[in-house]
Amino acid sequence: MKVLAINLSHNASFSIVENGKLVLSIEQERVSKVKRDNQIHKLSEGLKNNHFDIVGYTSYNMVDDKVKGYTDLVKTCLKKENITYDKLVCYDQHHLTHCYSSFYNSGFEEAVCLIIDNGGTSYTVNNVNIGQENISIYKMSYTKEPELLFKLCRDWWGRDISIGKYHTYNMMSPAGVFEMYKDALGFKEPGSIMGLSCYGKENSEIPKIYNEKDMFCKLNTSFNDVILRRKTSYPKGMVPDEDFCYRIQKDCTNVVKKYIDWIMNNYGNNICLSGGYFQNSIANYEFLKMNNNIFVDPVCHDGGTSIGLAQHLDYKYNNNKPEKYNSLYQGPIYINQKELLEMYKPLNLNHSKQKYKIVDMSNKEVASLLKQNKCIGIYQGRSEMGPRALGNRSILFNPSNPNAKEKVNLVKNREWFRPYAGTVLYEHTNDWFDLEGKNETPYMSYVVGVKENKINLIPGICHIDNSCRIQTLKKEQNNNFYEIINEFYKLTGVPVLLNTSLNTAGMPLIESIEDVLNMMLKSNIDMIYFPEYKKAVESIWN
């Protein structure tokens, strides 16, 4: 039995589950090259002439007046590409799709899911419109229907309403705070607030964001006034942006801790976290310190809802218990890649002062070049689902170089204060990083502490607060990537590489081999390596 699920929200995505197993998951932005794309036409083209037992579709707020539009869009796109189906299902419970994505892949038989984002489904309870869900807590089990424990909705009209387990206030969830104030601070992404927060400190001029008496995320209007007047009403340097970022990061983390405490005190330690807020890997580490049994959904933004929906529909209609995925290398399988690469040989393109050639290359030679501080991309196999590069679409660099961030920024063009992540060989993890008792973090979900005696050995990925977001890697998870790091370890004594996504600023992660070659023309990357073919495209400067 084959099930296709479609997310029509931002980060539109397709996921396919076959007999309980996830076999494909990809976001539209990877093929359209439009960041956070909410269209599905390119994804539909990739499934031309396929048949599915069930097709399900969802979005972040499937209220009555929008359902027809979504339904027409899905039917039109599928019909155009001759994608047929036996059953079409519209699913309108946004936070539950996040629950399914996290719970089914956590390994728990029972758990409580905490979902936090900037807005999902709008609810009417007892004929009262209580607004759009922002925070939900559900008890999940394979043997029972999801049980709602708590739901907090946003009301723009100043009403305070509680009806059973539903609550609505003029509030702003932590996800909403990051989204709103990134604009006020002039950033393009919420991650910029995370990165700059580590440079900040307590500042008496900056009020706290939330009323701390309860968990209802009521905004302190004084904070909003100060942040909007920071450039005009205060002497230069009195309220620097990094102090605002510090306040945002700290206060949002603290309010989420209250929810986790409440769950632990009432329902135990099996906790799943999902929704866009939990892309905050700095906060995730604080939650890990509270309870190392927590599972953070690695595809917790809306792109991951198609995974949860596909697993749920297959379980509900086909009685196939969802099989926990053990890898996020879930992109399409491409054929004729080697032949396509050979078509570009030689790449003597008249582009500025730069030319390219295809050369033979090995994992050992790549490690040697990394030791020489070359900036090298790696392209292999199926692309990673979600926002993190895990070694199939990655840029690699020497973490021992104290200027690593500046070097890689020549390719990535990111803000100076945003750190880069690292990948460490699994067996060396606890010698280099503090995972607070957790065995591994294969999906790069946490910014963890660097061991004190290792800080000076990896300055290129060690943030100002001596932290680093890491991926732990076992040989069986990604053989070529493992071998490159292991060869680098033999040369340097460092079992870690800087690892960031293979793309340039503002662009989605690279998907196809054509994207790779296009990136070579538009960036200062030294080389992109294709380990499956032991070939590399190398830049040559005249």
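Relevant structure appears above.
What comes next is a walk through the structure. Just so we're clear, the structure is a prediction, and the values are computed from it rather than from any experiment. (Residues numbered from 1 in each chain as written. Predicted model: local features only at pLDDT ≥ 70, side-chain atom pairs only at ≥ 80, totals over all residues. Heavy atoms only, no water.)

The subject of this paragraph is the packing of aromatic side chains. Under the defined criterion, the tally for this structure stands at 22 aromatic pairs. Measuring from centroid to centroid gives 5.8 Å for Phe103 and Tyr104, while their planes differ by 45°, and the two rings are tilted. For the pair Phe103 and Tyr104, a shared accessibility class is recorded, and that class is buried. Ring-pair connections join several aromatic residues into one group, and the members of that group are Tyr91, Tyr100, Phe103, Tyr104, Tyr142 and Tyr315. One cation-aromatic arrangement involves Lys474 over Tyr426; the distance from NZ or CZ to the ring centre is 4.6 Å. (Phe/Tyr/Trp six-rings, centres within 6.5 Å; stacked < 30°, edge-to-face > 60°. Buried < 20%, exposed > 50% of the residue type's maximum accessible area, 1.4 Å probe, protein only. Lys NZ or Arg CZ within 6 Å of the ring centre and 35° of its normal.)

On to the pairing of strand β1 (residues 2-7), then. Counting buried residues along β1, 5 of its 6 residues qualify, which places the element largely inside the surrounding structure. Alignment of β1 against strand β4 (residues 51-58), held across 5 bridges, turns out to be parallel. Directly across from Asn7, in β4, lies its bridge partner Thr58. (Helix = DSSP H or I, 4+ residues; strand = E, 2+ residues; numbered from the N terminus. Pairing = 2+ DSSP bridges.)

For the rest of this paragraph, the subject is the layout of surface pockets. For the second largest pocket, the calculated volume is near 460 Å³. Phe295, Lys324, Lys438, Glu440 and Pro442 are, among the 21 residues lining the second largest pocket, the residues nearest its centre. Here the residues of the lining of the second largest pocket are counted per class, giving 8 nonpolar, 9 polar and 4 charged. (1 Å grid on protein atoms, 1.4 Å probe; cavity = no way out; pocket = protein on both sides within 12 Å on 5 of 7 lines; lining within 4 Å. Points joined across faces, edges and corners; volume = space filled by probe spheres on them. Nonpolar A, V, L, I, M, F, W, Y, C, P; charged D, E, K, R; others polar.)

The subject of this paragraph is the pattern of salt bridges. Scanning the model with the defined rule gives 22 salt bridges in all. A salt bridge links Glu147 to Lys165; the shortest N-O distance between them is 4.0 Å. Of this pair, Glu147 sits in strand β9 (residues 147-154) while Lys165 sits in the loop between β10 (161-163) and β11 (166-169), and the two are 18 residues apart along the sequence. Through salt bridges with shared partners, a single ionic network connects Glu202, Arg247, Lys250 and Asp251. (Salt bridge = Lys/Arg side-chain N within 4 Å of Asp/Glu carboxyl O.)

Take the pairing of strand β8 (residues 128-141) next. Among the 14 residues in β8, 11 count as buried, and that is most of the element. In terms of strand pairing, strand β6 (residues 110-116) meets β8 through 7 bridges, oriented antiparallel. Each residue of the ladder has a partner; that of Ala111, found in β8, is Met140. Bridging between strand β7 (residues 122-125) and β8 involves 4 bridges; their strand directions are antiparallel. Pairing of Thr124 across the sheet is with Asn129, part of β8. Linking two consecutive strands that pair antiparallel, namely β7 and β8, is a turn of 2 residues; a positive phi of about 50° is found at Asn126 within it. Here β8 folds back onto β9, and the loop between the two strands holds 5 residues.

Further remarks concern the environment of Ser15. With respect to the helices, strands and loops of the structure, Ser15 is situated in strand β2 (residues 13-18). Judged by relative accessible area, which is 0%, Ser15 ranks as buried. Spatially, the C-alpha atoms of Ser15 and Lys324 are 14 Å apart, while their sequence positions differ by 309 residues. A distance of 2.8 Å separates a polar atom in the side chain of Ser15 from a polar atom in the side chain of Ser306. (Polar contact = N/O pair within 3.5 Å; in protein donor to acceptor, adjacent residues only side chain to side chain.)

Another aspect to go through is the sheet that holds β1. Strand order in the open sheet formed by 5 strands is β3-β2-β1-β4-β5, with mixed pairing between adjacent strands. With partners counted over all chains shown, the strands left at the sheet margins are β3 (21-27) and β5 (84-90), one partner each. Strand after strand, the sheet turns through a mean of 20° between neighbouring axes, direction not considered. Of the pairings in the sheet, the one linking β2 to β3 comprises 6 bridges and is antiparallel in character. Across the sheet, residue Ser13 finds its bridge partner in β3, namely Glu27. This element, helix α3 (residues 64-80), spans β1, β4 and β5 of the sheet and lies at about 165° to β5. (Axes fitted to C-alpha atoms, helices over the stretch in contact; angles between N-to-C directions. Contact = heavy atoms within 4.5 Å.)

Below, the discussion takes up the state of the cysteines. Enumeration according to the criterion identifies 0 disulfides in this entry. With no disulfide partner, Cys99 has as its closest neighbouring cysteine sulfur the one in Cys113, 4.3 Å distant. Relative accessible area serves as the criterion here: at 0%, Cys99 is assigned to the buried category. As a non-bridged cysteine, Cys153 has Cys217 as the owner of its nearest cysteine sulfur, 12 Å distant. For Cys153, a relative accessible area of 0% translates into the label buried. (Disulfide = S-S within 2.5 Å.)

All right, on to unusual backbone geometry then. In this structure, Asn82 takes a positive phi of about 55° despite not being glycine. Positionally, Asn82 belongs in the loop between α3 and β5. Asn82 sits in the partly exposed class, given a relative accessible area of 44%. Even without being a glycine, Cys217 presents a positive backbone phi close to 55°. The class for Cys217 is buried, based on a relative accessible area of 1%.

Moving on, we come to helix α5 (residues 174-184). When α5 is considered as a whole, its buried residues turn out to be Pro174, Ala175, Gly176, Val177, Phe178, Tyr181 and Lys182. In this structure, the buried side of α5 is in contact with β6, β8, α6 (191-197), α7 (221-228) and α8 (241-267). Immediately downstream of α5, the backbone of Gly186 shows phi near 80°, a positive value.

In this section: the nonpolar core. Among the nonpolar cores identified, the biggest contains 113 residues, and Leu114, Ile248, Tyr277, Phe278 and Phe433 are the most heavily contacted of them. With 9 residues, α8 is the single largest residue contributor to this core. Those residues in contact with Phe278 that lie beyond four places of it in its chain are Leu114, Ile116, Val256, Leu273, Asn284, Phe287, Val296 and Cys300. Val17, Leu96, Tyr138 and Leu148 belong to the second-largest nonpolar core, a separate cluster that totals 42 residues. (Core = buried A, V, L, I, M, F, W, Y, C linked by side-chain atoms within 4.5 Å.)

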